[in-house]
Every structure is written in structure tokens, then in C-alpha cells.
Amino acid sequence: MGLVEETASYLDGPGRQDSKKLERGAALAYATESMRLTTRLMQLASWLLLHRAVKEGEMSLAQANKEKTKVKLSLGDRADADTISLLPEQLCDLIDRSLGLLDRVRRLDATIHSPVTERPQNNPVERQLGLLKAAFEREAR
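(A) Broad picture of the pattern of salt bridges. This structure, assessed with the given rule, holds seven salt bridges. Note that R36 is salt-bridged to E33, the shortest N-O span being 2.9 Å. Residue R36 and its partner E33 are both found in helix α3 (residues 24-55); the two are separated by three residues, about one turn of the helix. Classification of R36 by relative accessible area gives partly exposed; the value is 27%. D103 is the salt-bridge partner of R106, the closest N and O atoms lying 3.9 Å from each other. With a gap of three residues between them, R106 and D103 both fall in helix α6 (residues 89-113), about one helical turn apart. Residue R106 is classed as partly exposed on the basis of its relative accessible area of 32%. The network of salt bridges with common partners includes E6, D93 and R97.

Below is the structure:
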């Protein structure tokens, strides 16, 4: 949520000034990428809020799994290097950080919502170790 606030603050303040200094093509790239950034962050915030509701017992994981179909974690296309080179450095930093967060949330989502195929484990520590192992195996692919 801090990244959402930081992004909003930048886009409403220094970002407006930065965008006014850009040439037409760069200004279009700025508008496009800032819109993609805010959309990505809102989708991430929605996912995080859903899972906070699960953690706090306000909904089950099954309910969250059903609701998360409305959340698009596929909004992670990186603009090409030529487009990125036109953008202000601070916007590029916010984009990079949002994409890093998206990658982490995708891995977490895959771990949380993947069916457990191993034998049932009675030890909660073993279960957590299995989940961590699965997350890191996906990351290595």
C-alpha cells in the first residue's frame, strides 16, 4: 500500500511537472505507462486485500479463490527499452518496483492456490517447508 501511496503522490505532484517537460512521443509513453502502473497497483492491492480478509477470518480461502478471478495478475508486461528510455527516472523506478511486487505476488498466489499433491502432513512445520520449497521451485523455472 505504501507503493500505491508513493505512486499517487508522484503522479499528482512531481510527475505532472515531469510530464509537461516531455516531447509529444515521450508524453504519450508517460501517459500509457503511468496508466499501466496504476492499474497494476490497483490489481495488486485488490489481491492483497482479499488475502488479508482470509487471514483475518472474514472469508475462506475458497471464497478468496473464487473472488480472485476478478483480479488480473497478468498485467506485468514491461515496456520496451526504447519506451522506458523516454520516461522520467522516478517513474521508471516505480514501474520496476511494481513489477517486482507483481512477481512476488504471482509466486505467492501460485503457492497459496495450488493443490497440495504431496501426502498429508501432520506436522505444520513440514507443511510450511513444503510450501516454501514449492515456491522456490516455481521461481527457479
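(B) Spatial organisation of the environment of V4. If you trace the backbone, V4 turns up in helix α1 (residues 2-12). The spatial distance from the C-alpha of V4 to the C-alpha of P14 is 15 Å, given a sequence separation of ten residues.

(C) Inspection of the environment of K21 at higher detail. Along the polypeptide, K21 turns up in the loop between α2 (14-20) and α3. Judged by its relative accessible area of 66%, K21 falls in the exposed class. Distance in space between the C-alpha atoms of K21 and S98 is 24 Å, their sequence separation being 77 residues.

Definitions and cut-offs
- Residues numbered from 1 in each chain as written.
- Predicted model: local features only at pLDDT ≥ 70, side-chain atom pairs only at ≥ 80, totals over all residues.
- Heavy atoms only, no water.
- Salt bridge = Lys/Arg side-chain N within 4 Å of Asp/Glu carboxyl O.
- Helix = DSSP H or I, 4+ residues; strand = E, 2+ residues; numbered from the N terminus.
- Buried < 20%, exposed > 50% of the residue type's maximum accessible area, 1.4 Å probe, protein only.

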